[in-house]
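Chain by chain, the residues:
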Amino acid sequence: MNRFGFQSLYRSLSRHKLYAALNIGGLAVGIAVFLILSLFVRFETSFEKWLPHADELYLVQSEWTVPDSPVQGAYPYTMSGLLEQMREDFPGLLGTRIRGGERGGSVIQGGVATMEDVAQVDSSFFQLFNLPMLSGEGKALADPSVTLISRSTARKYFGDANPLGRTMTIAFDEPKLYRVAGVFEDLPANTDLKASILINMPATPPPGAADYWFHWGSTSLRTYLRFPDAEAARAFEKRMPEFVNRRGAAYLGEKPSEIMAISLLPLTRAHLQPAGQESASRKLTVAALGIVGLLTLLIAIVNYVNLATARAGLRAREVAMRKVLGADRGALIRQFLGEAVLTVAVAAFLGLILAELGLPLVNAAGGLSLTLPYAIVVPGLLLLALIVGVAAGFYPALMLSRFPAASVLASARSPGGGRAGTRARELLVVLQFGLAIAFIIGTMVLSAQTRHVRTSDLGFRRDGLLVVQSLADSGVTEAQARQIVTALRALPGVKAVGVSDTAAGGGGNNNTDSVAIPGRPGSGPSLRRLTIGPGFFEAYAPRLVAGRLFDDAYGADNNSGWRDGLPRNIVINRKAVSTLGFASPEEAIGKTVGGKQPRTIVGVIDELRFFTPRLPDDPTYYVYYRDSPGESFATIRYSGDAQAMEQAVGDLWRRMAPQVPLNARTADSLFNEFYQADDRATRLFAIGSGLAVLIGCVGLWGLASFNTQRRVKEIGIRKTLGASSTDVAKLLVGQFLRPVLIANLVAWPLAFVAMRAWLAGFDDRVALSPLFFIGATLAATLIAVLTVLAQSLRASRAAPSWALRHE
Amino acid sequence: MIRLENIQRRYVSDEVETTALKDIHLHVEAGEFLAIMGPSGCGKSTLLNTLGTVDRPTGGRYLFGDRDLAALNEADLARFRAETLGFVFQSFNLIDELTIEENVALGIAYRRDAAGNRRDRVAAAMDRVGIAHRARHFPHQLSGGQQQRAAIARAIVGNPKLILADEPTGNLDTENGAQVMNILTALNNAGATIVMVTHSPSHADIATRRIDMLDGRIVASATRAI
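Residues numbered from 1 in each chain as written. Chains lettered and ligands numbered in written order. Predicted model: local features only at pLDDT ≥ 70, side-chain atom pairs only at ≥ 80, totals over all residues. Heavy atoms only, no water.

Q: Would you mind showing me how to read the overall build of chain B here?
A: Along its length, chain B carries seven helices and ten strands. Here the C-alpha atoms of chain B give a radius of gyration of 17 Å, agreeing with the 17 Å that 2.2 N^0.38 yields for 226 residues. Principal-axis analysis of the C-alpha atoms places the extent of chain B at approximately 50 × 40 × 40 Å. Across the 226 residues that make up chain B, the buried fraction comes to 52%. Contacts spanning at least 24 positions in sequence make up 69% of the contacts within chain B whose residues lie at least 6 apart. With 25 positive and 27 negative side-chain charges, chain B shows a spacing of 5 Å between the two charge centroids. (Helix = DSSP H or I, 4+ residues; strand = E, 2+ residues; numbered from the N terminus. Rg over C-alpha atoms; globule rule 2.2 N^0.38 Å. Buried < 20%, exposed > 50% of the residue type's maximum accessible area, 1.4 Å probe, protein only. Contact = heavy atoms within 4.5 Å. Lys, Arg positive; Asp, Glu negative; His and termini not counted. Charge placed at Lys NZ, Arg CZ, Asp CG, Glu CD.)

Q: Is there a simple way to explain the environment of A:Tyr554 in this structure?
A: Residue and element names in this part refer to chain A. Residue placement: Tyr-554 occurs in the loop between strand S18 (544-547) and strand S19 (568-573). For Tyr-554, a relative accessible area of 40% corresponds to the partly exposed category. Taking C-alpha positions, Tyr-554 is 9.0 Å from Asn-569, a pair spaced 15 residues apart along the chain.

Q: Looking at this structure, I do not really get helix H1 (residues 44-51) of chain B. What am I missing?
A: One full turn of an α-helix is made of 3.6 residues, so residues set three or four places apart face in the same direction. Residues and elements named next belong to chain B. Within H1, seven of the eight residues are buried, which leaves the element mostly enclosed by the surrounding structure. Among all positions in H1, only Lys-44, Thr-46, Leu-47, Leu-48, Asn-49, Thr-50 and Leu-51 are buried. Just beyond H1, the residue with positive phi is Thr-53, at close to 60°.

Q: Looking at this model, I keep getting lost on the domain arrangement of chain A. Mind explaining?
A: How big an interface is tends to be stated in terms of accessible area lost as the parts join. Residue and element names in this part refer to chain A. Taken as a whole, chain A is organised into domain 1 (96-208) and domain 2 (474-662). Taken over C-alpha atoms, the centre of domain 1 sits 35 Å from the centre of domain 2. In this assembly, nine residues from domain 1 lie in contact with five residues from domain 2. Per-residue buried area on domain 1 facing domain 2 is highest for Gly-111, Ala-113 and Met-115; these three make up 55% of the total on that side. At the junction of domain 1 and domain 2, the tally comes to zero salt bridges. Taken together, the elements giving at least two residues each to the side of domain 1 that touches domain 2 come down to strand S4 (105-109) and strand S5 (112-116). Looking at the side of domain 1 that touches domain 2, its residues break down into five nonpolar, three polar and one charged. (Domains from an automatic or database assignment. Buried area = accessible area lost by both parts, 1.4 Å probe. Salt bridge = Lys/Arg side-chain N within 4 Å of Asp/Glu carboxyl O. Nonpolar A, V, L, I, M, F, W, Y, C, P; charged D, E, K, R; others polar.)

Q: Honestly, the pattern of salt bridges in this entry has me stumped. Any pointers?
A: Should their charged atoms come close, side chains of opposite charge can pair. Residue and element names in this part refer to chain A. For the structure on display, the rule yields 41 salt bridges over all chains. Two residues, Lys-139 and Glu-137, come together in a salt bridge whose shortest N-O distance is 3.4 Å. Overall, the relative accessible area of 64% leaves Lys-139 in the exposed class. Two residues, Asp-679 and Arg-454, come together in a salt bridge whose shortest N-O distance is 2.2 Å. Of this pair, Asp-679 sits in helix H21 (residues 667-710) while Arg-454 sits in helix H15 (residues 418-455), and the two are 225 residues apart along the sequence. For Asp-679, a relative accessible area of 12% translates into the label buried. Given the relative accessible area of 33%, Arg-454 is considered partly exposed. Connected via shared salt-bridge partners are Glu-88, Asp-89, Glu-242, Arg-246 and Arg-247.

Q: Any chance you could explain the interface of chain B and chain A here in plain terms?
A: Contact with chain B, which involves 23 residues of that partner, is made by 17 residues of chain A. Summing the contributions of chain B and of chain A, the shared interface buries around 1900 Å²; its carbon and sulfur component is 56%. Taken together, the links from chain B to chain A amount to zero salt bridges. In this assembly, chain B and chain A are joined by three residue pairs in polar contact (both at pLDDT 80 or more). Breaking the side of chain B that touches chain A down by element, the ones donating at least two residues are helix H2 (74-84) and helix H3 (100-109) of chain B. A per-element tally of the side of chain B that touches chain A places H2(B) first, with four residues. (Polar contact = N/O pair within 3.5 Å; in protein donor to acceptor, adjacent residues only side chain to side chain.)

Q: Where do I start with the side chain of B:Gln148 in this structure?
A: Residues and elements named next belong to chain B. You can see Gln-148 is positioned in helix H5 (residues 144-156). Residue classification places Gln-148 among the buried positions, given a relative accessible area of 0%. Polar side-chain contacts of Gln-148 include one of 2.7 Å to the backbone oxygen of Phe-89. If we ignore the near neighbours within four places in the chain, the residues touching Gln-148 are Val-88, Phe-89, Gln-90, Phe-92, Pro-168, Leu-172 and Val-180.

Q: What is the right way to look at the sheet that holds strand S4 (residues 59-64) of chain B in this model?
A: Whenever strands of a sheet pair, they do so through backbone hydrogen bonds, lying parallel or antiparallel. All names here are of chain B. One open sheet accounts for four strands, arranged S2-S1-S4-S5; its pairing is antiparallel. The open sheet has two edge strands with one neighbour each: strand S2 (16-28) and strand S5 (67-68). With two bridges connecting them, S4 and S5 associate as antiparallel partners. Opposite Leu-63, over in S5, you have Asp-68 as the bridge partner. (Pairing = 2+ DSSP bridges.)

Q: Can you walk me through H21(A) in this structure?
A: For H21(A), with 44 residues, the first-to-last C-alpha span of 62 Å sits near the 64 Å given by 1.5 Å per residue. At A:Tyr675, H21(A) is deflected by roughly 50°, the largest bend along its length. (Expected span 1.5 Å × (residues − 1). Bend = angle between axes of the 7 residues up to and from the residue.)

Q: Sorry if this is basic, but what is going on with the UniProt feature "transmembrane region" (unreviewed entry) in chain A here?
A: All names here are of chain A. The sites that UniProt annotates as "transmembrane region" (unreviewed entry) are residues 20-41, 286-310, 331-354, 374-395, 427-446, 684-704, 740-759 and 771-790. In residues 331-354, the share of helix is 100% and the share of strand is 0%. The end C-alpha atoms are 34 Å apart. The straight-line gap between the two end C-alpha atoms of residues 740-759 is 27 Å; of that span, 100% is helix and 0% is strand. (UniProt positions renumbered as here; feature names shortened; annotations may be inferred.)

Q: How should I be thinking about the side chain of A:Thr443 in this particular structure?
A: Mapping A:Thr443 onto the fold places it in helix H15. Once residues within four sequence positions are removed from consideration, A:Thr443 is found in contact with A:Phe685, A:Ala686 and A:Ser689.

Q: Looking at this structure, I do not really get the pairing of strand S14 (residues 465-468) of chain A. What am I missing?
A: One face of the sheet, then the other: side chains in a regular strand alternate in exactly this way. Residues and elements named next belong to chain A. Residue alternation in S14 divides its side chains into two sets, Leu-465 and Val-467 and Leu-466 and Val-468, and both sets are buried. Where S14 and strand S23 (residues 633-638) come together, four bridges link them in antiparallel fashion. Within the sheet, the bridge partner assigned to Leu-466 lies in S23 and is Ile-636. Summarising the sheet, S14 and strand S24 (residues 664-666) pair through three bridges and their orientation is antiparallel. Note on S24: the bridge partner recorded for Leu-466 is Thr-666.

Q: What exactly am I supposed to notice about the nonpolar core here?
A: The tendency in soluble globular proteins is for nonpolar side chains to be buried as a group. Within the largest apolar cluster, 110 residues are counted, with the highest numbers of intra-cluster contacts made by A:Phe433, A:Phe460, A:Phe536, A:Tyr540 and A:Tyr622. One finds B:Val104, B:Val129, B:Ile194 and B:Ala204 within the second-largest nonpolar core, a separate group that totals 36 residues. (Core = buried A, V, L, I, M, F, W, Y, C linked by side-chain atoms within 4.5 Å.)

Q: Help me understand the sheet that holds strand S7 (residues 162-166) of chain B in this model?
A: Residues and elements named next belong to chain B. One open sheet accounts for six strands, arranged S6-S7-S8-S3-S9-S10; its pairing is mixed. With partners counted over all chains shown, the strands left at the sheet margins are strand S6 (85-88) and strand S10 (217-223), one partner each. With strand direction ignored, the average angle separating the axes of adjacent strands in the sheet is 15°. By the bridge criterion, five bridges tie S7 to strand S8 (residues 193-197) in an arrangement that is parallel. Opposite Asp-166, over in S8, you have Val-197 as the bridge partner. On top of the sheet, H1 reaches strand S3 (33-37), S6, S7, S8 and strand S9 (209-214); it is set at about 155° to S7, its chief contact. The strands that helix H6 (residues 174-189) touches are S3, S7 and S8; relative to S8, the one it contacts most, it runs at about 150°. (Axes fitted to C-alpha atoms, helices over the stretch in contact; angles between N-to-C directions.)

Q: For this particular structure, what's the right way to read a nonpolar patch on the surface?
A: A cluster of nonpolar side chains, namely A:Val346, A:Phe349, A:Leu350, A:Ile353, A:Leu354 and A:Leu357, defines an oily patch on the protein surface of about 530 Å² accessible area. On the secondary structure map, A:Leu354 appears in helix H12 (residues 329-366). (Patch = residues over 30% accessible without salt bridge, like charges linked within 9 Å, V, L, I, M, F, W, Y side chains within 5 Å. Areas by Shrake-Rupley, 256 points an atom, 1.4 Å probe, with all protein chains shown as cover.)

Q: Can you walk me through unusual backbone geometry in this structure?
A: What you tend to see is this: most non-glycine residues have negative phi, and most peptide bonds are trans. Backbone geometry at A:Arg103 places phi at a positive 50°, although glycine is not the residue there. Positive phi values are uncommon outside glycine, yet B:Asn6 reaches one of about 55°. Mapping B:Asn6 onto the fold places it in strand S1 (residues 2-13).

Q: Explanation requested: the packing of helix H23 (residues 725-759) of chain A against helix H24 (residues 770-797) of chain A in the structure shown.
A: Helix-helix packing is described using two parameters, namely the angle between the two axes and the distance between the axes. All names here are of chain A. As a packed pair, H23 and H24 sit with axes 8 Å apart at the nearest point and diverge in direction by 155°. As judged from the angle between their axes, H23 and H24 are roughly antiparallel. Between H23 and H24 lies a crossing of right-handed hand. For the contact of H23 with H24, a count of residues per class yields 20 nonpolar, six polar and one charged. (Parallel < 35°, antiparallel > 145°, perpendicular 65-115°, else oblique. Left-handed = near helix turned anticlockwise from the far one by under 90°.)

Q: It is not clear to me how the packing of H5(B) against H6(B) should be interpreted in this structure. Could you clarify?
A: Residues and elements named next belong to chain B. Where H5 contacts H6, the two axes come as close as 9 Å, and the packing angle between them is 15°. In terms of orientation, H5 lies roughly parallel with respect to H6. Considering how the two elements wind past one another, H5 and H6 form a crossing that is right-handed. Facing Gly-145, Gln-148, Arg-149, Ile-152 and Ile-156 of H5, the residues of H6 in contact are Asn-176, Gln-179, Val-180, Ile-183 and Leu-187. The residue makeup of the contact of H5 with H6, split by class, is five nonpolar, four polar and one charged.

This is how it looks when you write it as structure tokens:
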């Protein structure tokens, strides 16, 4: 490409400003979308990879295969004492546990507790998680009176002063004084490890944990192992069934390995790994967004090639002239490839600017903190410019250089590629709009689903509900808890306060229990067991399907002081009716189940959905303890302003239990956590597909303008032969409508398969209605018509004699 | 059949005013074969375009039969062209993306009075100009003479009252030119009214009447002695 080459490119771009803007702008937006979404995918797939030798670390999973149980599949938690038993059986094993973590404990200062990410870890922790230390050493953790804190925690509690050697009161199982022996760098954003304060794991089970520490079947913390290679990990995993059978026999029946397996999950894969019955839709979301980014770039490239080849014909005369003046084919190919690479490079640069400008918006929409790593992005974009430039420029370059000079110069007609060229361009429009329509369908389904879960029936009213989780904190005594509940009930605006071991939004205890069915062999199906106290049903007001709710008038309703063999009353949910083998709720009333632990069903209620909409409703039974809040959450049903209520509860809490930080959240905000990831994905998807559609439109617009220009003469002929303006406009719009309509054949199956897979990740989901598909098609058609209508109308109004003279 | 009275056509662009037609008075009777001659830029094509209603005069009256065409709007003019006129151009003006058959069919595509079988009419028109064997071909696969015959088929397929031909032999060699003229003569003999612009005196001689133009005016008119 010589000086004239540059000049001719510059003039060609500045002379056809709109064309240049579409061509370069479309590609730039495509590159920006691709950049941002690949940053997102890179972030989501980079979890824990920042750790030194991350590939040698494994998360121990408990895998359950229990018939009829709500607990199925692999969970990233283990029994507390598992590592201790493993060490006994496999000497030399390198592992650590993390107990607590996110909001796992608190720091008490001047009698006031502040919730912190306190994690109790084995002293071998740093042999696995070699966190960068700013001062002190990881091995100091061997001392049980020592703590290591993060940089921002040090700043928060000690300011600019040197924290080493200072002491702080940390409440984990119980409040204790610790000496700061080291400061580690804050953990990066791409980690699921949540710890800002590390303390030592006690050698013996801590108070209150003794009864479950070595109880097989319980899961309470995360256990990590380190192996030199995958081979060693596999070999270890192979020995697990025998280990489970030997150690678990006393708890899990004769053949424990049949219902429970221990498996190793490479830590770097843990972030996107679905837990238990959750389907892989998190992985799917990340993959889908990656694909959106890639396809948007593809659409933009397709556009570029499309417009470039379409325009190539218009430059035939220039090519012919250059040939006459002595340019050979090689020189021409070099010129056009050079132009293409240069144009794409300009687009890539603009794309980078757009990505940088758009990143704050995307971060805000997606709750992310992505930044552009220039060291990777810039060489990547240069490579992209080269590849896309060559790919996009190759066909036009070859086609143009092949034009026979003489015939081009002699004829008035410009070679536009004929029917084959038209077909190829039509195919590209089909591909583009196919993807665009699929994106529109996807966006509609995603937002319908995320809207649905926000408004779907949970079995209780989600507004006016405040869950006080800190009532279950080990720092609150039972007597204190009772006083607090009584005081809460007296607050103005409070209608009911219910206590239970888990509440709306999940958390707390998750217990399941086998319930034997009379006349049937075996221990029976597993049901979720919810322990509730007074006020629970008043606070949640479930719909009663049959029988009655708990009532203090019935002595057998109360489980306090329960002894083996004594029959007690339970309330079950609708799902448990069929699990327990009853034909109808009415039939279940009065029946006794449970074998050695007889329980009589007195009521059936509609499901109360406390957990993520991704999981199915569990068959559940409720047991009632009249006087024991135990380790319970309090749920407050109130009327009036949420903020005022939170304020009142906060004041009361700080007065009655200052040693424990208050953790009280509205049901709305707790449920929002379930929805957050999907909301985020939906917003990113909507932005990505919106831009993909926009780029598609830009392409269509450009193509329409090119086509209309190329058909000016044809329009003139048709008008001379008696076609009205309407006839011509119809013709031009119709020409673009056909590929857009054919695009549905691509879009519908694609969107159907993808959306069915995504929705399968939700138990509570919207139906994949045909309206989404029809709606998207109508939207795309409307967009396409509007895109080409203006120029079609303009072209159709041109005077035929002018059009006939037009060359 | 046609009466042009005091037709004026002026173009204004960039403050330059060009007068293409001045004080044109012209009568064309049904069944006439009129040839228009004159040097390049004298207004021949503008006159033909005015007759074809694809160009509107800036002054004067255009009566077709007893209809005043100045009173018609764009849509009505389009219908008038579809139902009344046939066009033949120097550069054929076939549509590249359509086959010969489809191009010919375009001649009646915009007629609302779809009398008879369209396919038969297209076949008959192609037969008449001897192009039927090329029906499925595209224009660029045909010789110039064949393309012009296809264009004539398109012009006559609708049985127009008036055929307007703008240098129909201008892009053809002698032999093909003669062929085209034979077809036009045959059409005229069969009763068609034809107005033709031409540079060729010999072709003009074939017409029944000839007018000469210069600088936008009709300067001479001569009727061939039969």
